[in-house]
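Examination of the molecular architecture
As a plain string of letters, each chain reads:
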Amino acid sequence: MTHPASGLDDVVHQRVRLGILTIAHEARRVEFGFLRTTLDLTTGNLSQHLTVLEKAGLVQIEKGYEGKRGRTWIHLTAAGTRALREEIAHLKRIIDHVEQASAENQSPKLS
């Protein structure tokens, strides 16, 4: 039997990328500056993570203007939504695994 942690997706599970996917899922479409501020990232760092997610087909990046200011918006693709759901399911399995192991270790052992 494999451990639940073996099912985690390295692209999705990285802290910043999981944050991006989660925020994009909640907002449907999120502005680059909001992500940068919320996740406390530099522009370059956020851009690198978005590139990884875009190449994996998990987000779509849209550039445009709001008034005279250039803007970049990010939204999840259908694959991104699936990947986030699968990652959350794996995390829940890990939690269940740890809680079950803790309960077994705390129960009195009969000799």
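Residues numbered from 1 in each chain as written. Predicted model: local features only at pLDDT ≥ 70, side-chain atom pairs only at ≥ 80, totals over all residues. Heavy atoms only, no water.

Quick look at the pattern of salt bridges
Definition in use: Each salt bridge in this description consists of a side-chain nitrogen of Lys or Arg and a carboxyl oxygen of Asp or Glu lying within 4 Å of one another. In DSSP terms, a helix is any run of H or I states spanning at least four residues, a strand is any run of E spanning at least two, and both are numbered starting from the N terminus. Each residue is placed in one exposure class: buried if its accessible area under a 1.4 Å probe, protein chains only, is under 20% of its type's maximum, exposed if it is over 50%, and partly exposed if it falls in between.
In the structure shown here, the tally under the stated rule is 3 salt bridges. Among the salt bridges present, the one from Glu-62 reaches Arg-29, with a minimum N-O distance of 3.2 Å. Highlighted residues: Glu-62 in strand β2 (residues 59-66) and Arg-29 in the loop between α2 (15-27) and β1 (30-31), separated in sequence by 33 residues. Close ionic contact of Glu-31 with Arg-71 constitutes a salt bridge, the shortest N to O distance being 3.9 Å. Separated by 40 residues along the polypeptide, Glu-31 in strand β1 and Arg-71 in strand β3 (residues 69-76) bring together distant segments of the chain. According to the relative accessible area criterion, Glu-31 is partly exposed, its value standing at 22%.

Concerning the packing of α2 against helix α4 (residues 43-55)
Put simply, the test is: Fitting a line to C-alpha atoms yields each axis, with helices limited to the stretch in contact; the angle taken between N-to-C directions then spans 0 to 180 degrees. Roughly parallel here means an angle under 35 degrees, roughly antiparallel means over 145, roughly perpendicular means 65 to 115, and every remaining angle is called oblique. Here, two residues are considered to be in contact whenever any of their heavy atoms come within 4.5 Å of each other. Amino acid classes used here: Ala, Val, Leu, Ile, Met, Phe, Trp, Tyr, Cys and Pro are nonpolar; Asp, Glu, Lys and Arg are charged; the rest, including Gly, are polar.
Running from N to C, α2 and α4 point in directions that differ by 75 degrees, and their axes come no closer than 10 Å. Classed by the angle they form, the pair α2 and α4 counts as roughly perpendicular. Across the interface between the two elements, Val-16, Arg-17, Ile-20 and Leu-21 of α2 pack against Leu-46, His-49, Leu-50, Val-52 and Leu-53 of α4. For the contact of α2 with α4, the class distribution of residues is 7 nonpolar, 1 polar and 1 charged.

What to know about the confidence of the model for the protein
This is how the line gets drawn: A residue's pLDDT is the confidence the predictor assigns to it, expressed on a 0 to 100 scale.
Averaged over every residue, the pLDDT of the protein is 91; the share at 70 or more is 95%. Mean pLDDT across the elements of the protein ranges from a minimum in helix α1 (residues 10-13), with 86, to a maximum in α4, with 97.

Here's the deal with the side chain of Arg-17
To keep it simple, the criterion reads: Charged residues are defined here as Lys and Arg on the positive side and Asp and Glu on the negative side; His and the ends of the chain fall outside this count.
When you line up the elements, Arg-17 lands in helix α2. Asp-9 provides the closest opposite charge to the buried, unpaired Arg-17, separated from it by 7.5 Å. The contacts of Arg-17, once residues within four sequence positions are left out, are Asp-10, Val-11, Val-12, His-49, Val-52 and Leu-53.

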